[in-house]
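If you want the building blocks of each chain, they are given just below.
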Amino acid sequence: MLRLLIRDITVAKGPEPKLLRLQIRWQGGATETIEVRQRPNRPEAVRYPDEFVAKIRALAELHDDHEIVAQLKSNGQTSSTGRPFTVSMIRWIRYKHRITGPSLPAGTLNVSQVCERFGVSLWVVHYWIERGIVSALQRKPNAPYAITIDDYVDRRLRKWVATSSHLDPPSPTQTV
């Protein structure tokens, strides 16, 4: 029945992606334009919107992945596929969008920064932490250390590195 009323239909792409314009020409000569939005493909359907990624970025400044998952679950939020969030999902989102973890407190250093400052390996820094030579705190097990080094400890460690027979200070001509 509808075939008797329609002369032809022209499909044209709209100005936006996934937007089609159907131009219907009726038998009586009248025309009508209908905009139809196509369904997104699977990757687009499960992609997290920029607003959500910004929320994860803001949460990651203060919380680790487990705390972020707990907060999202308490708000009743689910993933783009409708499942409850897991730590691995949050890790993937942080990896995909290059979101760093919680920052260290002001005036503290992480292990790699102490390594660079004194020209030692990370094993030496962990030795100093285990022996209580430097003051270091961890928010949780396996979280990065926040190491506090005052002027006295700085001078003591520099002297230790310079006089140790086990720790060779890097030569000025050595390249990495």
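Our subject in this report is the structure included herewith. (Residues numbered from 1 in each chain as written. Predicted model: local features only at pLDDT ≥ 70, side-chain atom pairs only at ≥ 80, totals over all residues. Heavy atoms only, no water.)

### Focus on the pattern of salt bridges
Should their charged atoms come close, side chains of opposite charge can pair. This is how it is decided: By salt bridge we mean one thing: a side-chain nitrogen of Lys or Arg within 4 Å of a carboxyl oxygen of Asp or Glu. In DSSP terms, a helix is any run of H or I states spanning at least four residues, a strand is any run of E spanning at least two, and both are numbered starting from the N terminus. In this scheme, a residue with accessible area under 20% of its type's maximum is buried, one over 50% is exposed, and one in between is partly exposed, where area comes from a 1.4 Å probe on protein chains only.
The full count for this structure, using the stated rule, is 9 salt bridges. Of the charged contacts, one joins Glu35 and Arg21 as a salt bridge, the two residues approaching to 3.1 Å between their closest N and O atoms. Placement of the pair is Glu35 in strand β3 (residues 31-37) and Arg21 in strand β2 (residues 19-26), with a sequence separation of 14 residues. Arg94 is the salt-bridge partner of Asp65, the closest N and O atoms lying 2.5 Å from each other. One end of the pair, Asp65, is in helix α4 (residues 65-74); the other, Arg94, is in helix α5 (residues 87-96), with 29 residues separating them in the sequence. The pair Asp65 / Arg94 is uniform in exposure class, with both members buried. Here the salt bridges share partners, and the residues they tie into one network are Asp65, Arg91 and Arg94.

### Here's the deal with the sheet that holds strand β1 (residues 6-13)
Heads up, the condition is: Strands qualify as paired when DSSP identifies two bridges or more between them. As a rule, the C-alpha atoms of each element are fitted with a line to give its axis, helices using only the stretch in contact, and angles between N-to-C directions run from 0 to 180 degrees.
Pairing in this open sheet of 3 strands is antiparallel, and the strands run β1-β2-β3 from one edge to the other. Only two strands of the sheet have a single neighbouring strand rather than two, namely β1 and β3. Each neighbouring strand pair of the sheet contributes to a mean axis angle of 20 degrees, computed without reference to strand direction. Two elements, β2 and β3, share 7 bridges in a ladder whose sense is antiparallel. In the sheet register, Arg21 faces β3, and the bridge partner there is Glu35.

### So, the side chain of Ser79
Going by this rule: Residue contacts are counted whenever heavy atoms from the two residues lie within 4.5 Å of one another.
Note that Ser79 resides in the loop between α4 and α5. Beyond its immediate stretch of four places on either side in the chain, Ser79 contacts Tyr48, Phe85 and Met89.

### Focus: the packing of aromatic side chains
Note the threshold: Only Phe, Tyr and Trp rings are paired, with Trp represented by its six-membered ring, and only when their centres lie within 6.5 Å; those with planes under 30 degrees apart are stacked, over 60 edge-to-face, the remainder tilted.
All chains considered together, the criterion is met by 6 aromatic pairs. Plain terms: the ring middles of Tyr48 and Phe52 are 5.1 Å apart, the flat faces sit at 25 degrees to each other, and that makes the pair stacked. This pair shows no difference in class: Tyr48 is buried, exactly as Phe52 is. On the basis of an interplanar angle of 90 degrees and a centroid distance of 5.8 Å, the ring pair of Phe118 and Trp128 is categorised as edge-to-face. Residue Phe118 is located in helix α6 (residues 111-118), and its partner Trp128 is located in helix α7 (residues 122-130); the two are separated by 10 residues in the primary sequence. Of the two residues, Phe118 and Trp128, both sit in the buried class.

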